[in-house]
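Survey of secondary and tertiary structure
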Amino acid sequence: EGTTVKELAEKIEVKPKDIMAALLAKGILATINQPLSEEAMREVAREFGYEVTVRSLEEIINDQQDTLAIETDALDDIEPRAPVVAVMGHVDHGKTSLLDAIRNTRVAAGEAGGITQHIGAYSVEVPDPDNREKLRRIVFLDTPGHEAFTMMRARGAKGADVAVIVVAADDGVMPQTIEAIDHARAAKVPIVVAINKIDKPQANVERVKKELSDIGLICEEWGGDTVMVEISAKHRRNLDTLLEMILLTSDLLDLKAPTKRLASGVVLEARLDKGRGPVASVLVQQGTLKVGDPFIVGLHFGRVRALIDDRGRPLTEAGPSVPVEVLGLEGVPKAGDLFQVVDDAARAQELANYRQSKARMAQLMSSAARGLEDMYQQMKSGQLKELLVILKADVQGSVEALREILQKLSNEKVSIRVIRADVGAITESDVMLAAASNDMSHVCIIIGFNVRPAPRVAELAKQERVDIRLHSVIYKVEEEVRKAMIGMLDPLT
Ligand code: GDP
């Protein structure tokens, strides 16, 4: 059986959407799970700068030269990698303090030298819970809050492996706590809760645990499976336990990455530096990035002129889960863009041109797969797995009634999952959550019941291609979703 669009996309590290666009340009209309003929695969791969050779497993093992991304799964270069952690939570609950405290304690404990640089993420070394002699690395995204996490997800990159949700013990679960939890859940990223500020006299840990259990996060001593650690970022209390719990949680994920192939990763942040030109902070996800490597990032190409780590020290190379600042870009990419090394500069240049011309096409393609209107098409082609709904209403009673009605509409073809249900207006954060959750197999819509978005929120929804449905009669909501599921929806006027 042939390689599918999805498999090819993973192997050459481009989005399935782009492969589908390239196929479409050749007159082939393919779904994501469609097996490709050898010829079609060869042609499309060539467009993205890859030469495909189909070889037996034996041949692959005999020749471990990493020239073909196509066959790297069979190689032995897969090695454990460090977890990447996002710290999220309500404003003023101590995210920044926690990130600073972890960085300062672990750097002081580890090797000296270098000056702290903000490059979007930093590494710390922590004793292995199984063998205290050994040190293991954890990477923290150091932009607190869920913006970085959501931006990356909206562009198709995975934000992090583990989410630390910070809740202040004197304040409890607040709206942005719930938002952060929604984001982690939507991305299927395991959660570790840090109950912070336990040094404060008003701290009430039991109350926080109760509030968390009300939204489905139940701590271990109450019979649940959510890890909760009581800390004080200010007094650096219990940070080692928190770090240990992060390691134990990530161990369950069995995180691994290939180390020998051409590097790829994701842009954490990028800017134009007066002296150094365009600079991007990249989190390497696969392979090893080296000085001199030609690469393509978003719509730009370049060649690595220098690599600088999170303490301002130059590196000659960086492997998986290493955040580095990259110099040698031709333009400034966007946070969340994919960073990809290619065999030679000519190819990188070609690919950049290709991407620039295809960017328009991809935009057309993505507009064809977003809202309720297109749901039936995606369902018919077998791509759609879930309709995700963000529910906003004026009163709690309506929220509950609608949630129940929607969940009952799930059928064997598509299930409906309400990922956020709240009282209040439709906000920018709702739109960003929906945008981040929209992909080939998920359509995420926002339903507003007796509430509406502010004009700038409606504008954002348009930009991010998020479908907002406004209603004031409960049975109309039901009718609309039901109709969409059988392809009978009236077009939006
Ligand atoms: P962020 O908005 O979540 O990044 O919160 P910050 O880290 O900026 O912290 C907000 C405030 O809470 C600051 O004044 C911190 O000094 C304070 N704070 C943070 N952690 C603790 C803690 O563990 N104990 C106490 N007492 N105050 C803390």
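Residues numbered from 1 in each chain as written. Predicted model: local features only at pLDDT ≥ 70, side-chain atom pairs only at ≥ 80, totals over all residues. Heavy atoms only, no water.

1. Topic: the overall build of the chain
Helices and strands together make up the secondary structure of the chain, namely 15 helices and 21 strands. Across the 493 residues that make up the chain, the buried fraction comes to 51%. Within the chain, residue pairs in contact and separated by at least 24 positions form 71% of the contacts whose partners lie at least 6 positions apart. Approximately 22,400 Å² of the chain is accessible, and the part contributed by carbon and sulfur atoms is 50%. (Helix = DSSP H or I, 4+ residues; strand = E, 2+ residues; numbered from the N terminus. Buried < 20%, exposed > 50% of the residue type's maximum accessible area, 1.4 Å probe, protein only. Contact = heavy atoms within 4.5 Å. Areas by Shrake-Rupley, 256 points an atom, 1.4 Å probe, with all protein chains shown as cover.)

2. Here we look at the sheet that holds strand β19 (residues 415-423)
Taken together, 4 strands build an open sheet; the order of strands is β19-β18-β20-β21 and the sheet is parallel. Among the strands making up the open sheet, the edge pair consists of β19 and β21 (467-471). Neighbour to neighbour, the strand axes of the sheet diverge by 25 degrees on average, direction disregarded. In the sheet, strand β18 (residues 386-393) pairs with β19 via 8 bridges, with the strands oriented parallel. If you follow L387 over to β19, its bridge partner there is I416. Here helix α13 (residues 428-437) sits on the sheet in contact with β18, β19, β20 (442-449) and β21, set at roughly 160 degrees to β20. (Pairing = 2+ DSSP bridges. Axes fitted to C-alpha atoms, helices over the stretch in contact; angles between N-to-C directions.)

3. Structural notes on the environment of N33
Structurally, N33 can be placed in the loop between α2 (16-25) and α3 (38-47). A residue is classified by how much of its surface remains accessible, and N33, at 48% relative accessible area, is partly exposed. In this structure, the C-alpha to C-alpha distance between N33 and Q383, residues 350 residues apart in sequence, is 7.9 Å. Those residues in contact with N33, other than ones at most four positions away along the chain, are T4 and K6.

4. Structural notes on α3
For α3, every residue scored as buried is listed here: A40, M41, V44 and A45. One side of α3 holds all its buried residues, which, seen down the axis, span an arc of 125 degrees. Where α3 is buried, its residues meet α1 (5-12) and α2. Remark: G49 follows α3 within two positions and exhibits a positive phi of approximately 90 degrees. (Arc of directions from axis to C-beta.)

5. As for the site of the ligand
Neighbouring the ligand are 15 residues, the closest being D92, K95, T96, S97 and D199. One of the backbone N or O atoms of H93 is found 3.4 Å from an oxygen atom in the ligand. Taking S97, its side chain carries an N or O atom lying 2.5 Å from an oxygen atom of the ligand. Broken down by element, the shell around the ligand gets its largest block of residues, 3 residues, from helix α5 (residues 95-109). Classifying every residue of the shell around the ligand gives 2 nonpolar, 7 polar and 6 charged. (Near = heavy atom within 4 Å. Polar contact = N/O pair within 3.5 Å; in protein donor to acceptor, adjacent residues only side chain to side chain. Nonpolar A, V, L, I, M, F, W, Y, C, P; charged D, E, K, R; others polar.)

6. Overview of the confidence of the model for the chain
On average, residues of the chain score 83 in pLDDT, and 86% of them are at 70 or above. The least confident element of the chain is helix α4 (residues 57-62), whose mean pLDDT is 41; the most confident is strand β6 (residues 191-196), at 98. When the criterion is pLDDT under 50, residues 364-369 qualifies, and its contacts beyond four places in sequence or with other chains add up to 9 contacts. Across the whole predicted complex the pTM is 0.66, and at the interface the ipTM reaches 0.99. (pLDDT = per-residue confidence, 0-100.)

7. Things to note about helix α12 (residues 396-408)
Taking 1.5 Å of rise per residue, 13 residues should cover 18 Å, and α12 covers 19 Å from first to last C-alpha, within 8% of that figure. Turning to α12, its buried residues are S398, V399, L402 and L406. The buried side chains of α12 occupy one side of the element, clustering within an arc of 100 degrees when seen end-on. (Expected span 1.5 Å × (residues − 1).)

8. Here we look at the pairing of strand β7 (residues 227-230)
The side chains of a regular strand alternate, residue by residue, between the two faces of the sheet. The pairing of β6 with β7 spans 4 bridges and is parallel. Paired with I195 across the strands is E230, a residue of β7. A crossover connection joins β6 to the parallel β7 through helix α8 (residues 205-214); in handedness this β-α-β unit is right-handed. (Right-handed = clockwise from strand over helix to strand, strands pointing away.)

9. Here's the deal with the pattern of salt bridges
Oppositely charged side chains can pair when the atoms bearing their charge come close. Taken as a whole and assessed by the stated rule, the structure comprises 28 salt bridges. The residue R132 makes a salt bridge to E244 at a minimum N-O spacing of 2.9 Å. Residue R132 is located in strand β4 (residues 131-141), and its partner E244 is located in helix α9 (residues 239-251); the two are separated by 112 residues in the primary sequence. Judged by its relative accessible area of 23%, E244 falls in the partly exposed class. Ionic pairing is found between R469 and E480, a salt bridge with its closest N-O pair at 3.0 Å. Residue R469 is found in strand β21, and its partner E480 is found in helix α15 (residues 474-485); the two are separated by 11 residues along the sequence. We classify E480 as buried; its relative accessible area is 15%. Taken together, the salt bridges that share partners define one network made up of D128, K134, R136 and D251. (Salt bridge = Lys/Arg side-chain N within 4 Å of Asp/Glu carboxyl O.)

10. Overview of unusual backbone geometry
The phi dihedral of D92 is positive, around 70 degrees, even though this residue is not glycine. Following the sequence through the fold, D92 ends up in the loop between β2 (84-89) and α5. Looking at D92, the relative accessible area reads 62%, which means it is exposed. If you check the backbone angles, S321 has positive phi at about 65 degrees while not being a glycine. By the secondary structure assignment, S321 is in the loop between β15 (317-318) and β16 (323-329). By relative accessible area, which is 2% here, S321 ends up buried.

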